[in-house]
Amino acid sequence: TTMPHRIRLRRPAPGTLHIILSLSSQHTRAQLVDKLAGNIKLTAHTLDPRLQARLDGVGLGTVAAAAAVGKELADRARAAGVDAAKWEGQGRYHGRVKAFID
């Protein structure tokens, strides 16, 4: 039997990477994930020593830290040959989320 339309889920396209952003009050973490293969391709986190050196004197849960994590993830993605990723953001697009995406 076929499933009702409202229950069907769209399967991710092969090779499409998705951006997963996790925010806490103290840290920002971002990952590029291949949902179809079920593995993490790249990651950037405010606990990374290279990123902490760049954020010297800036709080790790701030808008500036989120922007730095976004830039670091983008740099790593370019170095790995990734040219596109899908953002599945839901909800509010301001503050740290906006700084990360920009």
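About the thresholds
Residues numbered from 1 in each chain as written. Predicted model: local features only at pLDDT ≥ 70, side-chain atom pairs only at ≥ 80, totals over all residues. Heavy atoms only, no water. Helix = DSSP H or I, 4+ residues; strand = E, 2+ residues; numbered from the N terminus. Buried < 20%, exposed > 50% of the residue type's maximum accessible area, 1.4 Å probe, protein only. Contact = heavy atoms within 4.5 Å. Pairing = 2+ DSSP bridges. Expected span 1.5 Å × (residues − 1). Salt bridge = Lys/Arg side-chain N within 4 Å of Asp/Glu carboxyl O. Core = buried A, V, L, I, M, F, W, Y, C linked by side-chain atoms within 4.5 Å.

J.: Quick rundown of the overall build of the protein chain? Include the residues and the values.
T.: A tally of helices and strands in the protein chain yields 3 helices and 4 strands. Starting at the N terminus and walking to the C terminus, you meet the elements of the protein chain as β-β-β-α-α-β-α. Scored against the burial criterion, the 102 residues of the protein chain give a buried share of 28%. Nonlocal contacts in the protein chain, meaning residues at least 24 apart in sequence, comprise 47% of its contacts between residues at least 6 apart.

J.: Could you give an account of the sheet that holds strand β3 (residues 39–45), with specific residues and numbers?
T.: One open sheet accounts for 4 strands, arranged β3-β2-β1-β4; its pairing is mixed. Of all strands in the sheet, those with a lone pairing partner are β3 and β4 (86–87), marking the two edges. Taken together, the 7 bridges between strand β1 (residues 17–23) and strand β2 (residues 28–34) define a ladder with antiparallel strand orientation. Counted as the bridge partner of L21 is A30 from β2.

J.: Lay out helix α2 (residues 63–79) in plain terms, naming residues and giving numbers.
T.: Between the first and last C-alpha of α2 there are 24 Å, a value that for 17 residues agrees with the 24 Å anticipated at 1.5 Å per step. The inward-facing, buried residues of α2 contact β2, β3, α1 (49–54) and α3 (96–101). Once α2 ends, the next one or two residues include G81, with phi positive near 85°.

J.: Could you give an account of the pattern of salt bridges, naming the residues involved and the relevant values?
T.: With the rule as written, the count across this model stands at 7 salt bridges. A salt bridge links R54 to E72, with the shortest nitrogen-to-oxygen separation between them at 2.5 Å. Note that R54 is positioned in helix α1 and E72 in helix α2, a separation of 18 residues in sequence. Taking relative accessible area as the criterion, R54 reaches 43% and is therefore assigned partly exposed. A salt bridge links E72 to R76; the shortest N-O distance between them is 2.9 Å. Linking E72 with R76, this pair stays in helix α2, spanning 4 residues, or about one helical turn. Across the pair, exposure class does not vary: E72 and R76 are buried alike. Members of the salt-bridge network, linked through shared partners, are D48, R50, R54, E72 and R76.

J.: Residues and numbers for the nonpolar core, please.
T.: One finds A30, L32, V69, L73 and F100 to be the most contacted residues of the largest nonpolar core, which totals 17 residues. Residue assignment for this core shows that the elements contributing at least two residues are β1, β2, β3, α2 and α3. Ranked by the residues each element gives to this core, the list is headed by α2, at 6 residues. When near neighbours in sequence (up to four residues on either side) are disregarded, F100 contacts I19, L21, A30, A66, A67, V69, G70, L73 and W87.

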